[in-house]
Amino acid sequence: ARGAGDELVKARVWDASGLPSHRKFFTPFFKRSHGIVLVYDITNAASLPKLADWLDNVVKATAPNATLMLVGCKADLEDSRQVSSAGARLF
């Protein structure tokens, strides 16, 4: 992909599926990451608090200048939303 100023940007995306058993496997990858995307399900109120452990692990393992992003998935199911945008911002 091309970034700002036509700079070539390479991205490797790893899906940890949120399982606690995967945390040990991914921690070494966090150390070399420039960015982390944490994803929650907007239709499942319990999914956002479950990210707290992942966030703690990521913050401890990544460089201080790493970019962290919080993304709500299933935006097409707005009628089933259980997590408000404001609630996610508070996270």
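In the Ramachandran plot, Lys-74 falls in the positive-phi region, its phi being about 70 degrees despite a non-glycine side chain. With respect to the helices and strands, the residue Lys-74 is situated in the loop between strand 2 (67–73) and helix 3 (85–90).

With respect to the helices and strands, Asp-41 occurs in strand 1 (residues 35–41). There is a polar contact of 3.0 Å between the side chain of Asp-41 and the side chain of Lys-74.

This part is about the layout of surface pockets. Estimated volume of the largest pocket: approximately 1300 Å³. As for the largest pocket, its lining consists of 33 residues, and the residues nearest its centre are Arg-12, Trp-14, Gly-35, Ile-36 and Val-37. Every element with two or more residues in the lining of the largest pocket is listed here: helix 1 (23–31), strand 1, helix 2 (51–61) and strand 2. Looking at which element gives the most residues to the lining of the largest pocket, the answer is strand 1, with seven residues. A breakdown of the residues in the lining of the largest pocket according to their chemical character gives 18 nonpolar, seven polar and eight charged.

Here is what the cut-offs are and how they apply
Residues numbered from 1 in each chain as written. Predicted model: local features only at pLDDT ≥ 70, side-chain atom pairs only at ≥ 80, totals over all residues. Heavy atoms only, no water. Helix = DSSP H or I, 4+ residues; strand = E, 2+ residues; numbered from the N terminus. Polar contact = N/O pair within 3.5 Å; in protein donor to acceptor, adjacent residues only side chain to side chain. 1 Å grid on protein atoms, 1.4 Å probe; cavity = no way out; pocket = protein on both sides within 12 Å on 5 of 7 lines; lining within 4 Å. Points joined across faces, edges and corners; volume = space filled by probe spheres on them. Nonpolar A, V, L, I, M, F, W, Y, C, P; charged D, E, K, R; others polar.

Everything listed here is a matter of coordinates, which is why it stays silent on function.
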